[in-house]
Amino acid sequence: MIRKGGSSVCREFLRGLKDILPVLAACLPFGFVLGTVARAAGLSLGQVSLMAGLNFAGGSEFAAMELWTSPPNVLLIVAIIFLVNSRLILMGAVLAPLVAHLPRRRVLPSLFLMCDAAWAAALADAYRHRDESGPKFSMAYFLGAGSGMYVVWLGSTTMGAMCGPLLGDPRVLGLDMAFPAVFLSLLKGMWRGWLKAVPWFAALTIAALTYSFIPGAWYVPAGSLGGTATAWLIAVLEGRKAAREADNV
């Protein structure tokens, strides 16, 4: 349900922007590194800004730069971007019942600003203001948080692209390790024990084997699809086990 009344739209927007400020500070160096790495990969200043402005998804942009060649393998890069950004499908599904009463002409353009931080902040805010009828989602709050993330991400990435050539080879500074470092930090936050990590190890094994025997960067989608298939298989087996246990009760 959408929150109505109370604070003005402007006040809600500024409240969302204020709540996202700590994340914006952490976003700055990542955007700068992406811009630097992208320039080193051969993109122009305009192309870097266009990529950051249109895609607005840091993880997939880092992944694209890891796979960037001259000429680039466009199909492979598009496939990887889709895989990395597919989490947004689930995030949108979570928001769907909260924005069901808003016209689609307002909701759909606003979803362009949906990123992990803005989504999490707006969802947490909705549940903080819940009542007996359910969570109270504020679209203005969401737009404030998302707009702050967008402006800082685009600005820091463009700044990195401008200053990157002055820094020289990013590998000398270790900036080429930016995406692996981001990925490892995300894995730490998602750790739920060894059993839940089985798909990760499956993805790692399949990616390593593909890298060893197949030229190019196909190890990335191979590992992603292998890990996804393993997670699906485990879920199916656990579901069947639960069904058998229920039948025995």
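To be clear, the structure that these remarks concern was listed above.
Reference entry: report on the structure contained in this document. Predicted model, so just to flag it, every value in this text is computed and none were measured. (Residues numbered from 1 in each chain as written. Predicted model: local features only at pLDDT ≥ 70, side-chain atom pairs only at ≥ 80, totals over all residues. Heavy atoms only, no water.)

Here helix 3 (residues 45-55) crosses helix 4 (residues 58-66) at 140°, and the two axes come no closer than 10 Å. With respect to each other, helix 3 and helix 4 are oriented oblique. Relative to helix 4, helix 3 is oriented so that their crossing is right-handed. Packed against helix 3, whose contacting residues are Met51, Ala52 and Asn55, the element helix 4 presents Ser60, Glu61 and Met65 at the interface. Within the contact of helix 3 with helix 4, the residues separate by chemical class into three nonpolar, two polar and one charged. (Axes fitted to C-alpha atoms, helices over the stretch in contact; angles between N-to-C directions. Helix = DSSP H or I, 4+ residues; strand = E, 2+ residues; numbered from the N terminus. Parallel < 35°, antiparallel > 145°, perpendicular 65-115°, else oblique. Left-handed = near helix turned anticlockwise from the far one by under 90°. Contact = heavy atoms within 4.5 Å. Nonpolar A, V, L, I, M, F, W, Y, C, P; charged D, E, K, R; others polar.)

This part takes up the state of the cysteines. Put plainly, a disulfide is one covalent bond tying together the sulfur atoms of two cysteines. Enumeration over the complete set of coordinates arrives at zero disulfides. The closest cysteine sulfur to the non-disulfide-bonded Cys115 is located on Cys27, 8.1 Å from its own sulfur. (Disulfide = S-S within 2.5 Å.)

As for its position among the elements, Leu209 is in helix 11 (residues 198-213). Here Leu209 falls in the partly exposed class, since its relative accessible area comes to 48%. For the pair formed by Leu209 and Tyr219, sequence separation is ten residues and the distance between their alpha carbons is 7.8 Å. (Buried < 20%, exposed > 50% of the residue type's maximum accessible area, 1.4 Å probe, protein only.)

Phi is positive for Phe56, close to 45°, though the residue is something other than glycine. Within the secondary structure, Phe56 is located in the loop between helix 3 and helix 4. Residue Phe56 is classed as buried on the basis of its relative accessible area of 7%.

Further remarks concern the nonpolar core. With 44 residues, the main nonpolar core has Met65, Phe137 and Met149 as its most contacted residues. Sorting the residues of this core by element identifies helix 2 (21-40), helix 3, helix 4, helix 5 (74-85), helix 6 (87-95), helix 8 (116-128) and helix 9 (139-167) as the ones contributing at least two each. It is helix 9 that contributes the most residues to this core, eight residues altogether. (Core = buried A, V, L, I, M, F, W, Y, C linked by side-chain atoms within 4.5 Å.)

Within the structure shown, the criterion is met by four aromatic pairs. Relative to Tyr150, the ring of Phe56 lies with its centre 5.1 Å away and its plane at 80°, an arrangement referred to as edge-to-face. Here Tyr150 lies in helix 9 and Phe56 lies in the loop between helix 3 and helix 4, a separation of 94 residues in the sequence. Relative to Phe142, the ring of Phe137 has its centre 6.1 Å away and its plane inclined at 45°; by these criteria the two rings are tilted. Judged on exposure class, the residue Phe137 and its partner Phe142 are both buried. Taken together, the ring pairs in this structure connect Phe56, Phe112 and Tyr150 into an aromatic cluster. (Phe/Tyr/Trp six-rings, centres within 6.5 Å; stacked < 30°, edge-to-face > 60°.)

Turning next to the pattern of salt bridges. Counted by the stated rule, this structure contains three salt bridges. The closest approach of N and O atoms between Arg15 and Asp125, which form a salt bridge, is 2.7 Å. Pair noted here: Arg15 is in helix 1 (residues 9-19) and Asp125 is in helix 8, with a separation of 110 residues, a long-range link. Residue Asp125 is classed as buried on the basis of its relative accessible area of 0%. Sharing partners across several salt bridges, the network here consists of Glu12, Arg15, Asp125 and Arg128. (Salt bridge = Lys/Arg side-chain N within 4 Å of Asp/Glu carboxyl O.)

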